[in-house]
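Report on the structure
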Amino acid sequence: MEKTFQIGEIARFFDLAPSTLRYWEECGILAPDKNKENQYRTYSVSDLMAISDAVFYKSLGLPLKQIRDMEQTTPGQHRELLEEKMGELVALQEQVRLRMEKLRCHLAAIDEVERLRTRPYAIEEIDTECIVSFDLIEQDKLRQYIGNPYLYSRVQHSCCLQQEHRGLTVPAEQLDQFPPEQILWQNCGGTYAACLMREEHTQPYKNNLQQQLAHIQKSYRTGAVISRFLLCAREDGELYDFYKTFVEVFPKERDGQAEPKYSIFLKEN
């Protein structure tokens, strides 16, 4: 006589909840016999095979409706179904890769905040080639910003900080895609001191840029001021936007020394 199993035994064997087995039965995946006297389900060896197949196909991400119909599919239909699922997983894999890349960028921004606290005013190579104007209503640029907030930049000059221009950093090879009036700044290979700029997130948007600039000007003459967004976070009970600010620096002026060639042109608001 063929050995049979009760639902509790099957549930423990496959590490499934009894309610899952009952639901699979409702969906037509399983059809166990029932004791005529007490209506208890009894599962045969054939049922074990059906459950094993269902567990396998479910591990591939197939929905129960498709699992139920697998025995009715031809090899060609079988291939089509699994190739579709493979395509979904490849797309999901790309989404996960992009999400991990964004997380790494955000973690790097947090690390940069801490590094700039411990090593302010270090001479660094600026990490962008060009900055173009940015308005929130420009959909393509807005998408770029959403993809990587660190692209958001501010362009100023140390002699007139109130003239502030907001933009996005772009690779040099993309510069010909923008009209000249949108180009705010280009890297001319100058020397820059880096510092951390902290700005209040609410009006009147006070920041410490003037103080940071004053410290740098004790040692250098200054030109362009490029601030790149790092993150928004709370500190000392207040919400701030944190920026990595690059200040263009030149040696202190000596008698007869020519004025430096600045990397940006001052534009009227």
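Remember, it's a predicted structure, so these values are computed and weren't measured experimentally.

1. A look at the sheet that holds strand S2 (residues 33-34)
Within the open sheet, the three strands sit side by side as S1-S3-S2. Their pairing is antiparallel. The strands lining the two open edges of the sheet, one partner per strand, are strand S1 (5-6) and S2. As defined by bridge partners, S1 adjoins strand S3 (residues 41-43) across two bridges and the pair is classed as antiparallel. Looking at the pairing, phenylalanine 5 lines up with tyrosine 43 of S3.

2. Structural notes on the confidence of the model for the chain
Any region with low pLDDT has predicted coordinates that should not be read closely. Of all residues in the chain, 94% attain a pLDDT of 70 or more, and the chain-wide mean is 89. Across residues 264-269, confidence stays below pLDDT 50; counting only partners more than four residues off in sequence or on other chains, it has 20 contacts.

3. A few points about helix H5 (residues 75-118)
In this model, H5 (44 residues) spans 64 Å end to end at C-alpha, consistent with the 64 Å of a helix rising 1.5 Å per residue. All of the buried residues in H5 are Leu81, Lys85, Ala109, Glu112, Val113 and Leu116. Packed against the buried residues of H5 are helix H4 (64-69), strand S4 (122-124), strand S9 (191-200), strand S10 (221-235) and strand S11 (238-250).

4. Considerations on the packing of aromatic side chains
Per the counting criterion, the structure on display carries eight aromatic pairs. Aromatic pair tyrosine 145 and tyrosine 152: ring centres 6.1 Å apart, planes at 75 degrees, arrangement edge-to-face. Classification of tyrosine 152 by relative accessible area gives buried; the value is 10%. The ring centre of tyrosine 150 lies 3.9 Å from the NZ or CZ of arginine 228, which sits over that ring.

The rules behind these values
- Residues numbered from 1 in each chain as written.
- Predicted model: local features only at pLDDT ≥ 70, side-chain atom pairs only at ≥ 80, totals over all residues.
- Heavy atoms only, no water.
- Pairing = 2+ DSSP bridges.
- Helix = DSSP H or I, 4+ residues; strand = E, 2+ residues; numbered from the N terminus.
- pLDDT = per-residue confidence, 0-100.
- Contact = heavy atoms within 4.5 Å.
- Expected span 1.5 Å × (residues − 1).
- Buried < 20%, exposed > 50% of the residue type's maximum accessible area, 1.4 Å probe, protein only.
- Phe/Tyr/Trp six-rings, centres within 6.5 Å; stacked < 30°, edge-to-face > 60°.
- Lys NZ or Arg CZ within 6 Å of the ring centre and 35° of its normal.

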